[in-house]
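# Structure at a glance
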Amino acid sequence: MSVSAKLASMNVELPPVVPPVAAYIPASVQGTLVFTSGQLPVVDGYVVSTGPLSDGASDEAIAQAQKAARACALNAIAAAADIAGGVDKLARVVKATVFVASSQGFVDQAKVANGASEFLQEVFSSAHARSAVGVVGLPMNATVEVELIFELA
């Protein structure tokens, strides 16, 4: 099944590419790879999850951050598809890096990153390498940021 057909079967539409908030481009191509810039959980022009996760964060807070990571991944797919000439030009995700705004003591970055990884695995029907990194803060006070590397079809 093509990526576009998979997204359609999931009732997922690619959003418009989120405009850069600083001096960078949303994605670039190098050989057979597409590299995205870090994508925030922007939906309809707004960051949907803000602030760091703290030690002892509730299951609800982690679930919200997972949804935000999914939104980041969808924005990264949109950025990569835009530069690649369409979503069906993306063969698979090679690597995901997920940054999670975390206060000292929060150790569940990998759980948050699963929000992006599980979505990407469903869309592309394959696993990928991943890093989940806790950081003090992210642009626009976002809770999570995701950057992806894709292999072109």
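Up top you'll find the structure we're talking about.
In short, a report on the structure. (Residues numbered from 1 in each chain as written. Predicted model: local features only at pLDDT ≥ 70, side-chain atom pairs only at ≥ 80, totals over all residues. Heavy atoms only, no water.)

Under the 1.5 Å per step criterion, the end-to-end length of helix H3 (residues 109–124) is 22 Å for 16 residues, consistent within 8% with the ideal 22 Å. Of all the bends in H3, the largest measures some 35° and sits at glycine 115. Of all the positions in H3, only Gln109, Val112, Ala113, Gly115, Ala116, Ser117, Phe119, Leu120, Val123 and Phe124 are classed as buried. Packing partners of the buried residues in H3 comprise helix H1 (3–9), helix H2 (59–84), strand E5 (90–101), strand E6 (129–135) and strand E7 (144–152). Directly after H3, the chain includes serine 125, whose backbone phi takes a positive value near 55°. (Helix = DSSP H or I, 4+ residues; strand = E, 2+ residues; numbered from the N terminus. Expected span 1.5 Å × (residues − 1). Bend = angle between axes of the 7 residues up to and from the residue. Buried < 20%, exposed > 50% of the residue type's maximum accessible area, 1.4 Å probe, protein only. Contact = heavy atoms within 4.5 Å.)

The subject of this paragraph is the sheet that holds E7. The strand order across the open sheet built from 5 strands is E1-E2-E7-E5-E6, with neighbouring strands paired in mixed fashion. In this open sheet, the two strands that pair with only one neighbour each are strand E1 (27–30) and E6. Neighbouring strand axes in the sheet, compared pairwise and without regard to direction, differ in orientation by 15° on average. Sheet topology note: the E5/E6 ladder contains 7 bridges and is parallel. Its bridge partner lying in E6, threonine 97 is registered against serine 131. Against the sheet, H2 makes contact with E1, strand E2 (33–36), E5 and E7, and its axis sits at roughly 40° relative to E7, the strand it touches most. (Pairing = 2+ DSSP bridges. Axes fitted to C-alpha atoms, helices over the stretch in contact; angles between N-to-C directions.)

At their nearest, the axes of H2 and H3 sit 7 Å apart, and the two run at 45° to each other. Considered as vectors, H2 and H3 are oriented oblique to each other. Between H2 and H3 the crossing geometry is right-handed. Of the residues in H3, those touching H2 at Ile62, Ala65, Gln66, Ala69, Arg70, Ala73, Leu74 and Ile77 are Lys111, Val112, Asn114, Gly115, Ala116, Phe119, Leu120 and Phe124. Residues belonging to the contact of H2 with H3 are distributed by class as follows: 11 nonpolar, 3 polar and 2 charged. (Parallel < 35°, antiparallel > 145°, perpendicular 65-115°, else oblique. Left-handed = near helix turned anticlockwise from the far one by under 90°. Nonpolar A, V, L, I, M, F, W, Y, C, P; charged D, E, K, R; others polar.)

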